[in-house]
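# Survey of secondary and tertiary structure
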Amino acid sequence: MPVRSRRSLRSPKPVELLVLAYALGVAGTVWDWRQHLLGPGTQPPHFVIDLGGLLVLAVLAFSGKMDYRSRSFTALYVLLVLVVLISFGPFVLMMAAPRSALMAGLMHSMMSSGALLIYLPLVLLASWSAWHWLSQTTVNWWRLAAALGIVVVAVATVWDLYWHQTHPMEVRASMAALPPHQAILAGFLIGLVGAAYGAVAPVNRPGSSGIDSASRGSSTSIQSGS
C-alpha cells in the first residue's frame, strides 16, 4: 500500500491533470480580464490560458491505448505541432520583437478573413481529442463535460477572432462583457467541473466507469470496453 501511494503521487491520473489544466485556463482568463480593467492587456495571462488549453488537449489526446506507429498518431502529432505554433508563436514574437515589421505584419494578417482558417487545426485537434477521450470507456456526464469543455474553448477562440475582426472599433472596459470571452471561460468551467467530479468520484465499485479503467494499461482498457 505505501508503494502504491508514492507511485500515485509521482504519476497523477489523467483526470487530475485535467483538473490542473482547466484550472489554469480559468485562472488565466480571469487574470486577463483583470489586466484589461487596470489598463492595456499584457501577454502573461494569454500564456497561462494557452498553456492550460494545450495541457487539456495533450491529456485527452494521449490517454488510453494508442498505436504510435499509426497514421492517426502522425496526423495527431502534426496537428499538435501546428496548434503549439499557433498558440505560442505570437507570444514569443511579441516578447522578442514587439515593434518589428514581422509583428506588425502578423497583427495585420490576423484582421483578415483568412486568419480564421489558421485556427482550424485547433478546432480539429480539440474535436479529435474529445472523441478519443470519450471512446476509451463508458460515457457518463462528467467525462462528457471534461471532453467538451475544450471544444467549447476552441470554437469560442475562433469566434473571438471573428468578433474582433467585425468589431474593430468597439472598446469595452471589461473583457468579461465580450460574448466570445464569456464562452471561453464557460468552456474552461465546464471542463473543470467535469474533471473535478471525476477526480473525487468513487471509481472502484463494480461496474464503475471511472477514470481508473481508462487510464490503466492497454490490456485493462480493452477488457473494460469488451
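Residues numbered from 1 in each chain as written. Predicted model: local features only at pLDDT ≥ 70, side-chain atom pairs only at ≥ 80, totals over all residues. Heavy atoms only, no water.

### A word on the overall build of the protein
- From N to C terminus, the protein includes 11 helices and zero strands.
- From first element to last, N terminus to C terminus, the protein shows the α and β order α-α-α-α-α-α-α-α-α-α-α.
- Within the protein, buried positions represent 41% of all 226 residues.
- A separation threshold of at least 6 residues defines the contact pool for the protein, and within that pool the share at least 24 residues apart is 73%.
- Total accessible area computed for the protein in this model is approximately 12,600 Å², and 68% of it derives from carbon and sulfur atoms. (Helix = DSSP H or I, 4+ residues; strand = E, 2+ residues; numbered from the N terminus. Buried < 20%, exposed > 50% of the residue type's maximum accessible area, 1.4 Å probe, protein only. Contact = heavy atoms within 4.5 Å. Areas by Shrake-Rupley, 256 points an atom, 1.4 Å probe, with all protein chains shown as cover.)

### Brief notes about the packing of aromatic side chains
- Overall, the coordinates contain three aromatic pairs when judged by the stated rule.
- Judged by centre distance (6.4 Å) and plane angle (70°), the rings of tyrosine 22 and phenylalanine 188 are edge-to-face. Here tyrosine 22 is found in helix α2 (residues 14–38), whereas its partner phenylalanine 188 is found in helix α9 (residues 179–200), with 166 residues between them in sequence.
- Look at tyrosine 22 and you get buried, because its relative accessible area is 0%. (Phe/Tyr/Trp six-rings, centres within 6.5 Å; stacked < 30°, edge-to-face > 60°.)

### Let's talk about a nonpolar patch on the surface
- Taken together, Val78, Val81, Leu82 and Leu85 make up a surface patch of nonpolar side chains, about 320 Å² in accessible area.
- Here valine 78 shows up in helix α4 (residues 71–96).
- Residue valine 78 is classed as partly exposed on the basis of its relative accessible area, which comes to 44%. (Patch = residues over 30% accessible without salt bridge, like charges linked within 9 Å, V, L, I, M, F, W, Y side chains within 5 Å. Salt bridge = Lys/Arg side-chain N within 4 Å of Asp/Glu carboxyl O.)

### Comments concerning helix α8 (residues 141–166)
- The first and last C-alpha atoms of α8 sit 36 Å apart over 26 residues, in line with the 38 Å expected at 1.5 Å per residue.
- At leucine 148, α8 shows its maximal kink, close to 25°. (Expected span 1.5 Å × (residues − 1). Bend = angle between axes of the 7 residues up to and from the residue.)

### Details of the environment of leucine 117
- Along the chain, leucine 117 falls in helix α6 (residues 115–118).
- Between the alpha carbons of leucine 117 and valine 158 there is a distance of 9.0 Å; along the sequence they are 41 residues apart.

### Observations concerning the nonpolar core
- By size, the foremost hydrophobic cluster in this structure holds 39 residues, and its most contacted members are Leu18, Leu57, Trp133 and Ile150.
- At the level of secondary structure, the elements contributing two or more residues to this core comprise α2, α3 (44–62), α4, α7 (120–134), α8 and α9.
- A total of 10 residues in this core trace back to one element, the largest contributor, which is α8.
- In this structure, isoleucine 150 is in contact with Tyr22, Gly53, Val56, Leu57, Leu60 and Ala126, ignoring residues within four places of it in sequence. (Core = buried A, V, L, I, M, F, W, Y, C linked by side-chain atoms within 4.5 Å.)

### Some remarks on the packing of α3 against α8
- In the contact formed by α3 and α8, the axes pass within 10 Å of each other and the chain directions differ by 135°. In terms of orientation, α3 and α8 fall into the oblique class. In this structure, α3 meets α8 at a crossing whose hand is left-handed. Judged by residue contacts, Gly53, Val56, Leu57 and Leu60 of α3 engage Ala146, Ala147 and Ile150 from α8.
- Along the lines of polarity and charge, the residues of the contact of α3 with α8 split into six nonpolar, one polar and no charged. (Axes fitted to C-alpha atoms, helices over the stretch in contact; angles between N-to-C directions. Parallel < 35°, antiparallel > 145°, perpendicular 65-115°, else oblique. Left-handed = near helix turned anticlockwise from the far one by under 90°. Nonpolar A, V, L, I, M, F, W, Y, C, P; charged D, E, K, R; others polar.)

### Section: the confidence of the model for the protein
- With 61% of its residues at a pLDDT of 70 or more, the protein shows a mean pLDDT of 75.
- Per-element averaging of pLDDT across the protein places helix α11 (residues 218–225) at the bottom with 39 and α9 at the top with 94.
- Overall, residues 204–226 carries pLDDT values under 50, and its contacts beyond four positions in sequence, including any with other chains, amount to 32 contacts. (pLDDT = per-residue confidence, 0-100.)

### Brief notes about the environment of glycine 25
- Tracing the sequence through the fold places glycine 25 in helix α2.
- Sequence separation between glycine 25 and valine 153 is 128 residues, and the spatial gap between their C-alpha atoms is 9.4 Å.
- Ignoring anything within four residues of it in the chain, the contact list for glycine 25 reads Ile49, Gly52 and Phe188.

### Some details on the side chain of aspartate 32
- On the secondary structure map, aspartate 32 appears in helix α2.
- Despite being buried, aspartate 32 has no salt bridge partner; arginine 34 is the closest side chain of opposite charge, sitting 11 Å away.
- Polar contacts involving the side chain of aspartate 32 include one to the side chain of histidine 46, which spans 3.2 Å.
- Residues contacting aspartate 32, with those up to four places away along its chain left out, are Pro45, His46, Ile49 and His181. (Lys, Arg positive; Asp, Glu negative; His and termini not counted. Polar contact = N/O pair within 3.5 Å; in protein donor to acceptor, adjacent residues only side chain to side chain.)

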